[in-house]
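# Fold and geometry: a report
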Amino acid sequence: MVTDVRVPQNTSRSLLPYLQQANIQYTILISDLQKAIENQIGLRSYRNRRSLSGYNYEVYHSLEEIQGWMHHLNKTHSDLVHMFSVGTSYEGRPLFVLKLGKRSRPYKKAVWIDCGIHAREWIGPAFCQWFVKEALQTYQTDPAMRKMLTQLYFYIMPVFNVDGYHFSWTNDRFWRKTRSKNTRFPCHGVDANRNWKVKWCDEGASFHPCDDTYCGPFPESEPEVKAVAHFLRKHRKQIKAYLSFHAYAQMLLYPYSYKYATIPNFSCVESAAYNAVNALQSAYGIRYRYGPASSTLYVSSGSSMDWAYKNGIPYAFAFELRDTGHFGFLLPETLIKPTCTETMLAVKNITLHLLKKCH
């Protein structure tokens, strides 16, 4: 029997003779993996010369660059941007959030957006930065954006898993988890999207510290998860939508993730998702699947999206951005602009849906 195999990104070339010998057909997706990684990380001296005034949104940025950019916007756009920290990471890094919106009234509904829960999914933080750029650049000229920033606040966390993201730049491009230490095992980190107090460590999560889906020793064991959960709990009456950005699969997911069941406000959420994926497709024809995470992707417990929904945030979505596996986590920088442009249409669509009454 001949089997067709797509060789994964981290497969060693030394495996290829064995595949040939066993008469297994294969497709090489990335011919030189090391070179592809080096191209994204770039020469440090060159990257460090990127000025904030000419900040390039079409390249991937290190944690230091992203935090420098946040500080810069906080100083230069104080009418629309307020930067604050919700806590500190396991390794002591600040967990910065940008509050974006016109201070038009004392109380406004809000949307929470986070990117980079999983360290290796670099297109996530790239989108969070793109969203802020678009908001600031089009606020004066785009009536939809003006309406969004006048009627809502946006809490944007460009890098949720700061320690893991930093590690993916310095040590292991395919790192996923946080960087907390385990007392009984040599393995580092917890899956920050399996560490939430909602059906914690059930199906789709692992109790083993060396697994990529390790749920942690207890719910909210990770300081990053605990800090964000505390902030969301504190503001749950104000926050009407939770959007989390991941990669890759080209999907728009909503609860539940931990079980096969229909959410109470299914018709409103499903209609928002349907319109969002259609808006996204209108840019470049990229089709996204949408639906409950459990049946559209897979069952997973302890996710941020389910937790947000269970804690009273009526619209909770997880985006799985481009692509569907050819480049995978190594999405080339040339695809940042089209990916972010189309995703922006979906996010605006969901946001404007929020501002209408849905019965």
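None of the values given here were measured: they were computed from a predicted structure. Each chain carries its own residue numbering, running from 1 in the direction its sequence is written. Under the rules for a predicted model, residues below a pLDDT of 70 receive no local features and side-chain atom pairs below 80 are neither given nor counted, while totals for whole chains, interfaces and linings still include all residues. For side-chain calculations, the full set of non-hydrogen atoms in the structure is used, while hydrogens and water are omitted.

## Notes on the state of the cysteines
Cut-off, in case you're wondering: A pair of sulfur atoms, both from cysteines and within 2.5 Å, is called a disulfide here. The numbering of helices and of strands both runs from the N terminus, where a helix is a DSSP run of H or I of at least 4 residues and a strand a run of E of at least 2. Residue burial is assigned from relative accessible area. The probe radius is 1.4 Å, only protein chains are included, and a residue is buried under 20% of its type maximum, exposed over 50%, and partly exposed in between.
Here the structure, examined in full by the defined rule, presents 4 disulfides. The disulfide partner of C268 is C358, and the S-S distance across this bridge is 2.1 Å. Disulfide C268-C358: the torsion about the S-S bond is -105°, which places it as left-handed. Of the two residues, C268 sits in helix 9 (residues 266–284) while C358 sits in the segment after helix 12 (336–354), which places them 90 residues apart along the sequence. Judged by its relative accessible area of 7%, C268 is buried. With its disulfide-bonded cysteines labelled consecutively along the sequence, the chain is connected as 1-2, 3-5, 4-6, 7-8. Of all cysteine sulfurs in the structure, the one in C115 sits closest to C340, which takes part in no disulfide; the separation is 8.8 Å.

## Examining the confidence of the model for the chain
This is how it is decided: A residue's pLDDT is the confidence the predictor assigns to it, expressed on a 0 to 100 scale. Contacts are assigned to residue pairs with any non-hydrogen atoms lying within 4.5 Å of each other.
Averaged over every residue, the pLDDT of the chain is 92; residues scoring 70 or more account for 91%. For the stretch residues 1–5, pLDDT sits under 50, and the model shows 11 contacts to residues farther than four places along the chain or on other chains.

## Quick look at the nonpolar core
Rules: As used in this record, nonpolar core signifies buried Ala, Val, Leu, Ile, Met, Phe, Trp, Tyr and Cys residues forming a set joined through side-chain atoms within 4.5 Å.
Among the nonpolar cores identified, the biggest contains 109 residues, and L100, W112, I113, F131, F154 and F317 are the most heavily contacted of them. Counting residues per element, this core draws most heavily on helix 5 (residues 123–138), which supplies 9 residues. Not counting residues up to four positions away in its chain, the partners in contact with F317 are Y242, L243, S244, L252, L253, Y254, V269, A272, A273, M305 and I350.

## Digging into the sheet that holds strand 4 (residues 94–100)
We count it as follows: Whether two strands pair depends on DSSP finding at least two bridges between them. Between N-to-C directions, angles cover 0 to 180 degrees, with each direction set by a line fitted to C-alpha atoms, over the stretch in contact for helices.
Pairing within the open sheet is mixed, and its 8 strands lie in the order 3-4-6-5-7-10-8-9. With partners counted over all chains shown, the strands left at the sheet margins are strand 3 (81–88) and strand 9 (289–292), one partner each. The average angle at which neighbouring strand axes cross in this sheet is 20°, direction not considered. Where strand 4 meets strand 6 (residues 152–157), 3 bridges bridge the pair, whose relative direction is antiparallel.

## With respect to the UniProt feature "active site" (unreviewed entry) in the chain
Heads up, the condition is: UniProt positions are given in the numbering used here, feature names are shortened, and annotations may be inferred rather than shown by experiment.
Per the UniProt record, "active site" (unreviewed entry) is annotated on E320. Relative to the assigned elements, E320 resides in strand 10 (residues 315–321). When its relative accessible area of 10% is taken as the criterion, E320 is described as buried. Apart from residues lying up to four places away in sequence, E320 is in contact with H246, A247, Y248, A249, Q250, M251, L253, Y288 and L297.

## Remarks on the packing of aromatic side chains
Selection rule: Pairing of aromatic rings covers Phe, Tyr and Trp, the last counted by its six-membered ring, and requires centre-to-centre distances within 6.5 Å; plane angles under 30 degrees mean stacked, over 60 mean edge-to-face, and any other angle means tilted. Charges are assigned to positions over rings by a cutoff of 6 Å between ring centre and Lys NZ or Arg CZ, combined with an angular limit of 35 degrees from the ring normal.
According to the stated counting rule, one finds 25 aromatic pairs in the structure shown. Judged by centre distance (4.4 Å) and plane angle (10°), the ring pair of W122 and W169 falls under stacked. Of this pair, W122 sits in the loop between strand 5 (109–115) and helix 5 while W169 sits in helix 7 (residues 162–170), and the two are 47 residues apart along the sequence. You'll find W122 and W169 in the same group, each marked buried. Ring centres of Y155 and F231 lie 5.0 Å apart, and the angle between their planes is 75°; this geometry places the pair in the edge-to-face category. Of this pair, Y155 sits in strand 6 while F231 sits in helix 8 (residues 223–234), and the two are 76 residues apart along the sequence. Neither Y155 nor F231 differs from the other in exposure class; each is buried. Here the aromatic cluster, defined as three or more aromatic residues joined through ring pairs, consists of F127, F131, F154, F245 and F319. Its guanidinium or amino end placed over the ring of F167, R179 lies 3.6 Å from that ring's centre, counting from NZ or CZ.

## Points about unusual backbone geometry
Excluding glycine, a negative phi dihedral is what most residues carry, and trans is how most peptide bonds are arranged. Each neighbour pair has its own omega, and for A247 with Y248 the value is 5°, a cis peptide bond. Position of Y248 relative to the elements: it lies in the loop between strand 7 (239–247) and strand 8 (251–254). Backbone geometry places K199, a non-glycine residue, at a positive phi of 50°. Relative to the elements of secondary structure, K199 occurs in the loop between helix 7 and helix 8. Given a relative accessible area of 46%, K199 falls into the partly exposed group. Positive phi, close to 55°, is recorded for C201, a residue that is not glycine. The residue C201 is located in the loop between helix 7 and helix 8 in this model. Its relative accessible area of 8% is what places C201 among the buried residues.

## Comments concerning the UniProt feature "domain: Peptidase M14" (unreviewed entry) in the chain
UniProt marks residues 59–354 with the feature "domain: Peptidase M14" (unreviewed entry), using the numbering shown here. Structurally, residues 59–354 comprises 37% helix and 18% strand, and the distance from its first C-alpha atom to its last is 31 Å.

## Here we look at the side chain of S206
With respect to the helices and strands, the residue S206 is situated in the loop between helix 7 and helix 8. Accessibility expressed as a relative area gives 11% for S206, which makes it buried.

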